[in-house]
Amino acid sequence: MDYQKLKQEFWDKGYLYLENFFEQAAMDECHIEIQKHFNMNPDYQHDQEFLTRSEADVIPWFPSKDKSSDGKAFDKLNQNAALDELTQYLLGDDWRSLECMVMFSNPESKGQPWHQDCPPEQTENFNLNRLIYTSDINEKTGGQTLVVEGSHKMGLLPASQNNQTFENEVCLSPTKGSLLLIHGHAWHRVLPVGTVFRVSTNFRCVPKNTPDNVTDICVYADMRYQFSTKQVLETRCEF
Ligand SMILES: O=C(O)CCC(=O)C(=O)O
Ligand SMILES: [Fe+2]
């Protein structure tokens, strides 16, 4: 892999999409764990105001915190040498991995509205999403990921209602085994999900000197929301 070239591409576009980054067998192992978990516990963990206002329709699972799962399949991905090396090229020394989060969306759910994972006011304070897909996502399944190219350098996501379109938006259909890196300041969303559940696994990480809770406040087109306090901090656009 030409890491220098990939680094350039990531910093130009604010995202990087690499197919067949992981082996299919490793994806199957994780996917089986995911299915096992969500058949057992399909509960929403966000409160209702958040679900209604943000139109986010995802159920998170932290396999490493879960005593009923041994989490080995996910640990193996986290320790992948190429993933480590690529991250090091992008973020430099002393970057840190945050907790692995699996995000599950039910069939026919809304996906995710436009958002930035963390406020963009401090350019150097950001998270890096390292998203892994254990099954194909495409036009047939729905749930494709949209990213606005170059938006990690464009400051605040414009305030609006949630379904606007942007000039440089790119629609990605991640295949099983692919890796999608998204800068936390980039404007991104997930399209509505079709008849099969959707899942992505995120090994978020942060550069040196960035706090672990950098993604506690998320910027949506219509509000700023704080997860730890379950509070709408700012209403940006009334419905
Ligand atoms: O699941 C995806 O494709 C995107 C998820 C996302 O927005 C995030 O992890 O911040
Ligand atoms: Fe996000």
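Here's a quick rundown of the structure.

About the cut-offs
- Residues numbered from 1 in each chain as written.
- Chains lettered and ligands numbered in written order.
- Predicted model: local features only at pLDDT ≥ 70, side-chain atom pairs only at ≥ 80, totals over all residues.
- Pairing = 2+ DSSP bridges.
- Helix = DSSP H or I, 4+ residues; strand = E, 2+ residues; numbered from the N terminus.
- Axes fitted to C-alpha atoms, helices over the stretch in contact; angles between N-to-C directions.
- Near = placed C-beta within 6 Å.
- Nonpolar A, V, L, I, M, F, W, Y, C, P; charged D, E, K, R; others polar.
- Core = buried A, V, L, I, M, F, W, Y, C linked by C-beta atoms within 7 Å.
- Buried ≥ 20, exposed ≤ 12 C-beta atoms within 10 Å, placed from the backbone.
- Contact = placed C-beta atoms within 7 Å.

## Some points on the sheet that holds strand 3 (residues 96–105)
- Taken together, six strands build an open sheet; the order of strands is 1-8-5-10-3-2 and the sheet is antiparallel. The open sheet has two edge strands with one neighbour each: strand 1 (15–18) and strand 2 (59–61). Taken over all neighbouring pairs, the strand axes of this sheet differ in orientation by 20° on average, direction set aside.
- Judged from the eight bridges that link them, strand 3 and strand 10 (residues 198–206) form a sheet pairing that is antiparallel. Pairing of Phe104 across the sheet is with Val199, part of strand 10.

## Brief notes about the site of ligand 1
- What surrounds ligand 1 is the set Met103, Gln112, Asp117, Asn129, Leu131, Thr145, His188, Val190, Ser200 and Asn202.
- Taken together, the residues of the shell around ligand 1 sort by class into three nonpolar, six polar and one charged.

## Here's the deal with the nonpolar core
- Core analysis: the biggest nonpolar cluster contains 48 residues, and Tyr15, Phe104, Leu180, Leu181, Ile182 and Tyr220 have the highest contact counts within it.
- Residues within four places of Tyr15 in sequence aside, it is in contact with Val147, Leu180, Leu181, Ile182, His183 and Ala186.

## So, the pairing of strand 11 (residues 217–220)
- In the sheet, strand 4 (residues 112–116) pairs with strand 11 via two bridges, with the strands oriented antiparallel. Its bridge partner being in strand 11, His115 is matched across the sheet by Tyr220.
- The pairing of strand 11 with strand 12 (residues 223–226) spans three bridges and is classified as antiparallel. Residue pairing across strands places Ile217 opposite Gln226, the latter belonging to strand 12.

## Thoughts on the environment of Leu83
- Turning to its location among the elements, Leu83 is positioned in helix 5 (residues 81–91).
- In this structure the C-alpha to C-alpha distance between Leu83 and Ala186, which are 103 residues apart in sequence, comes to 20 Å.

## Section: the pairing of strand 8 (residues 179–183)
- Burial analysis of strand 8 places five of its five residues in the buried class, the great majority of the element.
- Burial along strand 8 is two-sided: the face carrying Leu179, Leu181 and His183 and the face carrying Leu180 and Ile182 are both buried.
- Direction of pairing for strand 1 relative to strand 8: antiparallel, over a ladder of four bridges. Note on strand 8: the bridge partner recorded for Leu16 is Leu181.

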